[in-house]
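Examining the three-dimensional arrangement
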Amino acid sequence: MTSPKLNIVPRFTTFSKATAYVVGVKTSGSKVSLADSPVELSSIAQLDLETLGVKATSESTFRLPAPNGAVYLLIGLGDGKLNAHTLREIAGAAARALPDAKEVVFGLPTSGKEETEALLEGALLGRYQFGSYKGLNKLPANVNAKLTVISSFKPSAAALTRIEVITEGVAATQDLVNAPANDIYPQSLAAAIQKAARGTGATVEIWDEKRLAADGFGGILGVGKGSSRPPRLVRVDYKPKSAKAHIALVGKGITFDSGGLSIKPAASMVGMKYDMTGAATVGQAALVIARLGLPIRVTAWMCIAENLVSGTSTRPSDVIKIRNGKTVEVINTDAEGRLVLADGLSIASEAKPDLIVDVATLTGAASVALGNRYTGLMGHGKGVDTLKAAAESSGELVWHMPLPADLKASLKSDIADIANAKFGANGGMLLGGLFLQEFIGKKAKGDEQIDWAHLDIAPTANNDLSPWGYTGKGATGVMLRTLVALAESYR
Ligand code: BES
Ligand code: ZN
Ligand code: ZN
């Protein structure tokens, strides 16, 4: 998708043909009425909205003709309590409802720059569509090509650039994740990030299978062994002179997860092209942070392999050796994300960063516990609070889950240092977190582990239910904005 032309204008002037004007509807008492809007509403002010079937419930939409061949998009504001987060979602829902409009003008009430920025961000997120594989049913070109927000609170040029860079990063992540696994495999995902890094100031280094073996990455190699398309480890490093801190990001990059020999049932395999979301997200987040020139060093580690079934696949009960020297008994080859991440967390720890954050579609259990809109957050040290604050500022939903030490007994192995899973164990999301925690190295001084946060995005990486707010179907690009907000918090 090409990026649209953005305009912020202080007031409404005139209606233009074929342009959609987004205005709010609210309930006052039991009546549905038009919300305050900078857009001229006299032609619809006298209509009985209820009789027409207009609803004010959050994000419900209704179209009415406007003067000069324009159209109004009425959008429900729910209880009418608007803030940056609700405006981001409402603007996103409006942009999604107007897939055919070339120009969209937002006439929603804003009460400050932050709200104007959130509105614009939501509109840009909501207009995303994935059309690369449409053959005969191509998406119309130039959809939402011009976005105008009427607001007397004009964001600075730098703020507008920031929103554009971030939303382009989210879209680039969505594009990588939505692409099917016959096109996105370890080598092509690594190459895609290398290409995307050009001109950003970040450097990219790629480990091929030979170098992975030489450097002791037994987790990534063990998972990738069953595929004819060998695994890769990618480091994206952004190291500004002014760096105030160093954060390491580690992403699960399983380009397809069949489960391996512990094979998934057919229905559970659908959607497993999304299993590389963590890697795409951390790679793109590092590039966004580089483009924004934030004064923080970011090293993203993309742990990429394809988990397939063949005569060379890792078997249940095989023992593999992770980069940090620990051995793992592979009880279940479908618990492969933690194996590639173990290598990633180990190498990330070697540089002694101030914080490590991993992002992974790790467990189906996370969706069982949290539903479809919350990302599971676990960690230790400053990790949890720092990520909670970053998620709060981006408007993305996370929920803090515990890492109960008693559950570790489920990961005891008779012959290796640790097992990767146990059949029938409770607390699958927490066990995933507990396993990963074993691979976080120590701080430069003392015996404490490096601060760490684990984001289980299995519930949120992909939306296969109804669209809502700025979230359409398919890849969501979730947590990229939170990672950027995290980097910004070190300013
Ligand atoms: N990629 C899956 C997790 C997943 C499931 C993500 C559904 C998105 C939607 C992961 O590799 C996996 O298979 N996890 C197992 C862990 C178990 C074997 C310990 C699971 O969730 O069942
Ligand atoms: Zn799996
Ligand atoms: Zn997986």
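It should be noted that the structure appears before, not after, this text.
Quick caveat, the model's predicted, so the values are computed rather than measured.

1. Describing a nonpolar patch on the surface
Nonpolar side chains collect at one region of the surface, where L261, I263 and V309 lie side by side and expose about 250 Å² of accessible area between them. When you line up the elements, V309 lands in the loop between β11 (297–307) and β12 (318–321).

2. What about the sheet that holds β12?
Across the sheet, 3 strands lie side by side as β12-β13-β17; this open sheet has mixed pairing. Whereas interior strands pair on both sides, the edge strands pair on one side only; in this sheet they are β12 and β17 (418–419). With 2 bridges connecting them, strand β13 (residues 327–330) and β17 associate as parallel partners. Looking at the pairing, V328 lines up with I418 of β17.

3. A closer look at the sheet that holds strand β8 (residues 203–207)
The 8 strands lie next to each other as β8-β9-β11-β10-β14-β18-β15-β16, forming an open sheet whose pairing is mixed. The sheet terminates laterally at β8 and β16 (398–400), the two strands that pair on one side only. For this sheet, the mean angle separating the axes of adjacent strands, direction not counted, is 20°. Inspection of the sheet shows strand β15 (residues 375–380) paired to β16 by 3 bridges, in the parallel sense. Of the residues in β16, the one forming a bridge with G376 is W399. Where helix α5 (residues 186–196) meets the sheet, its contacts fall on β8, β9 (232–238), β10 (246–257) and β11, and the angle it forms with β11 comes to roughly 155°. Packing of helix α9 (residues 277–292) onto the sheet brings it into contact with β9, β10, β11 and β14 (355–360), and relative to β11 it is tilted by some 155°.

4. What about unusual backbone geometry?
A negative phi angle characterises most non-glycine residues, just as the trans form characterises most peptide bonds. Here the phi dihedral of E59 falls at roughly 75°; this positive angle occurs in a residue that is not glycine. Turning to its location among the elements, E59 is positioned in the loop between α1 (49–52) and β4 (61–66). The class of E59 is partly exposed, set by a relative accessible area of 23%. Phi is positive for K352, which is not a glycine, with a value near 55°. Checked against the element boundaries, K352 lands in the loop between α10 (337–350) and β14. The class for K352 is partly exposed, based on a relative accessible area of 39%.

Definitions and limits used
Throughout, residues of each chain are indexed from 1 in the direction in which the sequence is written. Just so you know, chain letters begin at A and ligand numbers begin at 1, following the order they were written in. Local features in a predicted model are, by the rule used here, given only for residues with pLDDT of at least 70; side-chain atom pairs are given and counted only at 80 or more, and totals for whole chains, interfaces and linings are based on all residues. Computation of side-chain values covers all heavy atoms of the structure but excludes hydrogens and water. Patch definition: residues above 30% relative accessible area lacking any salt bridge, with like charges linked at up to 9 Å and the nonpolar side chains Val, Leu, Ile, Met, Phe, Trp and Tyr linked at up to 5 Å. Using a 1.4 Å probe, accessible areas were evaluated by the Shrake-Rupley method; residue-level cover was limited to the displayed protein chains. Each salt bridge in this description consists of a side-chain nitrogen of Lys or Arg and a carboxyl oxygen of Asp or Glu lying within 4 Å of one another. By the criteria applied, helices consist of DSSP H or I runs no shorter than four residues and strands consist of E runs no shorter than two, each listed in order from the N terminus. Here, a strand pair is defined by DSSP locating no fewer than two bridges between the strands. A fitted line through C-alpha atoms serves as each axis, taken over the contacting stretch for helices, and the angle formed by two N-to-C directions is quoted from 0 to 180°. In this description, contact between two residues means that some pair of their heavy atoms is separated by no more than 4.5 Å. Using a 1.4 Å probe on the protein chains alone, a residue whose accessible area is under 20% of its type maximum counts as buried, one over 50% counts as exposed, and one in between counts as partly exposed.

Honestly, that's just the spatial picture; any functional story needs more than this.
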